[in-house]
Structures are given as C-alpha cells and as structure tokens.
Amino acid sequence: MTHRTDTEPAPRLSRQTALPRAAGAAALLTLIALPAVAANFTPPQGCRLEVTVQNRGCTVSQHYRCSGDAPGDQWVTYFDAQGASYQSRIDRETRWMESTDLRSGLVDVLEDAAQDHASFRRLAETGQDDFDFWTRSNNGERLHHVGHDTLTGEKIQIDGVALEGTSFELTTYSESGDVLITRKGQQFISRAQGRFYGGVETSDDWTGARQETNDSPVSFAFPGQTGFGATTPEYDCDLQMVR
C-alpha cells in the first residue's frame, strides 16, 4: 500500500492502498467531486472497526476486519476532503489482495501466481522483503510490480502507537514491460497491527512528472476515544492543490 493529478495514476498511500496505474487507465482516475462527509464511519455488516488514523496529506483512514474473510485479512477505507475515495483489502502478509478506487470504479486484484509474493513476516523477521508480483484490473489491464521493503532500525511512537521505519523502492511495469511508475521513500509498520502506514516518498511516472508526498500518520483513535470513526481529515487540507 497516497492527492491527485491527471498524471498521477492512483492514490499514493501505504502498501495497503492504491496501486500505480498505466497510462491507458489514467483518464479514468480523474476525481469526481463528491459531497463532503462529516458522519462517523460505519463498517459493513459483519465487520469491526479497529482504528481511525488521521494522516498527513489530508486523508483519514478507517481500518477494519470482517468475520467472513480469511484469518488475518483486513480492510481500509480512505476519506479525503470530498469523502470516501479508496478502499483495499490485504492479507496477513500485507499482500494487495484487492483495491478499489471508489470514484472511478476501477478494481485491482492480485494474481495468484508470482515470482515472489510480498511477505510481512519475512520483513519483520529478517529486515528485508523483496517482491515481484502481478495485478489485474477490471478493465483488463495487467501490471507488474517489483521492489523491496527494508527495516531501517528506526523505532518511534506516534500518538502512543509503536511503529518501525522502513525504506522502500517499487517499480511498476506495463504488461509489455514499459516502466510506468517508480516510487521510493519511507513508510512505517506496526507489528502489533500487522500493517503498513504511509510516509514520505517520491514518485515518477511515465510522463516524466515527479511528485513528493507525505502521508505519515499523525494520530490514532481506538474504540471509545475521541475521533474514532471520524471521516473528516484534519491535517494539511489547507495545502491541497486542485490537480
């Protein structure tokens, strides 16, 4: 698994969020203005909201698990200043099982076969995880993702939550082998929660456009705490650009 330009193929958050997108689908990702949402988030029936996270970059994320999913699976839904924008499901290894752009309707799913699936366990145990896998969109597009995550040794607490720093590099290719997106930067992991959180990164796309972003978590709200389920982002929204 973070906001948006016509050349930016997908949201630019942590591994748990959107996947880079090829040029043929970029036009479909133009944001559609939706009414602002102020009500609290309610997860689908059979699901339990675990934590609400306010992030840099004017997003707030809702992390939840559903009883009907495979053990270890978890979901996230992101809200920006216009409302719900993105959701995804990862498995216990933080593999990108499925990701949905809630405005374009584009859905990416992980293909079963992979040269090297991502592994949260391997990263936590060895400090390094290489990955090489494919995703397929509901518009028929296949994308090839190659990269690695590395623990940096940084251990911090953000709003009382223990996190560890990572560095990463990710290159996304078209089915024909053309480079579409390169991303590099730093993120955070929570061993207790079994997930990634965003950080500071730089991305370059096939048009030559470069974007530098910061999606680091700022505050965490657990059940019973102020802000739990809140859908209005609080940080950096005054810095948002119309793209």
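Note that this is a predicted model, so its numbers are computed, not measured. (Residues numbered from 1 in each chain as written. Predicted model: local features only at pLDDT ≥ 70, side-chain atom pairs only at ≥ 80, totals over all residues. Heavy atoms only, no water.)

Undergrad: Just give me the short version of the overall build of the protein, but keep the residues and values in it.
TA: If you tally the helices and strands in the protein, you get two helices and 14 strands. Among the 243 residues that make up the protein, the fraction classed as buried is 53%. (Helix = DSSP H or I, 4+ residues; strand = E, 2+ residues; numbered from the N terminus. Buried < 20%, exposed > 50% of the residue type's maximum accessible area, 1.4 Å probe, protein only.)

Undergrad: Can you break down the environment of Y78 residue by residue, with the values?
TA: As for its position among the elements, Y78 is in strand β3 (residues 74-80). Residue classification places Y78 among the buried residues on the basis of a relative accessible area of 5%. Between the C-alpha atoms of Y78 and H63, which are 15 residues apart in sequence, the distance is 9.0 Å.

Undergrad: Tell me about the side chain of R183, residues and numbers included.
TA: Of note, R183 is situated in strand β10 (residues 179-190). Among the residues examined, R183 registers a relative accessible area of 6% and is labelled buried. There is a polar contact of 2.9 Å between the side chain of R183 and the side chain of E201. (Polar contact = N/O pair within 3.5 Å; in protein donor to acceptor, adjacent residues only side chain to side chain.)

Undergrad: Could you give me a rundown of the state of the cysteines, with the residues and numbers involved?
TA: This model, assessed by the stated rule, comprises two disulfides. In this model, C47 is linked to C66 through a disulfide, with the two sulfur atoms separated by 2.0 Å. Linking C47 and C66, the disulfide has an S-S dihedral of approximately 100° and is accordingly described as right-handed. Within this pair, whereas C47 is found in strand β1 (residues 47-55), its partner C66 is found in strand β2 (residues 59-66), the two being separated by 19 residues in sequence. C66 shares its class with C47; the two are buried. (Disulfide = S-S within 2.5 Å.)

Undergrad: Explain the environment of P43 residue by residue, including any values.
TA: Position of P43 among the secondary structure elements: in the loop between α1 (23-26) and β1. Taking relative accessible area as the criterion, P43 reaches 17% and is therefore assigned buried. In this structure the C-alpha to C-alpha distance between P43 and Y64, which are 21 residues apart in sequence, comes to 7.2 Å. With residues up to four places along the chain from it excluded, the contact list for P43 reads R48, L49 and Y64. (Contact = heavy atoms within 4.5 Å.)

Undergrad: Hey, could you go over the packing of aromatic side chains for me, with residue numbers and the actual values?
TA: All told, the structure shown has seven aromatic pairs when counted by the stated rule. Aromatic side chains Y64 and W75 sit 6.4 Å apart centroid to centroid with 5° between the ring planes, which places their arrangement in the stacked category. Of this pair, Y64 sits in strand β2 while W75 is found in strand β3, placing the two residues 11 residues apart along the sequence. What makes W75 buried here is its relative accessible area of 14%. On the numbers, 6.0 Å between centres and 80° between planes, the contact of F120 with F196 is edge-to-face. (Phe/Tyr/Trp six-rings, centres within 6.5 Å; stacked < 30°, edge-to-face > 60°.)

Undergrad: Explain unusual backbone geometry to me, and be specific about the residues and the numbers.
TA: Although it is not a glycine, T94 sits at a positive phi angle of roughly 65°. Note that T94 resides in the loop between β4 (83-90) and β5 (96-101). Positive phi, close to 55°, is recorded for D159, a residue that is not glycine. Its place among the elements puts D159 in the loop between β8 (142-158) and β9 (161-174). What makes D159 partly exposed here is its relative accessible area of 46%.

Undergrad: Mind laying out the pairing of strand β13 (residues 210-214), listing which residues take part and the relevant values?
TA: Because side chains alternate across β13, one face comprises the buried residues Q211 and T213, and the other comprises R210, E212 and N214, none of which is buried. Relative to β13, strand β12 (residues 200-205) runs antiparallel, the two sharing five bridges. Following the sheet pairing, S203 is matched in β13 by Q211. Between β12 and the antiparallel strand that follows it, β13, lie four residues; G208 among them carries a positive phi value of about 95°. (Pairing = 2+ DSSP bridges.)

Undergrad: Could you give me a rundown of the side chain of E201, with the residues and numbers involved?
TA: With respect to the secondary-structure elements, E201 resides in strand β12. Look at E201 and you get buried, because its relative accessible area is 5%.

Undergrad: Can you lay out the pairing of strand β6 (residues 107-110) for me, pointing to particular residues and giving the numbers?
TA: Alternating residues of β6 divide into D108 and L110, all buried, and V107 and V109, none buried. Here β5 pairs with β6 via three bridges, running antiparallel. Residue pairing for β6: S99 is matched across the bridge by D108. Linking two consecutive strands that pair antiparallel, namely β5 and β6, is a turn of five residues; a positive phi of about 85° is found at G105 within it. Two strands pair when backbone bridges link them, and β6 and strand β7 (residues 128-137) are joined in this way by three bridges, in the antiparallel orientation. In the strand pairing of β7, L110 is matched with T135.

None of this, on its own, says anything about what the molecule does.
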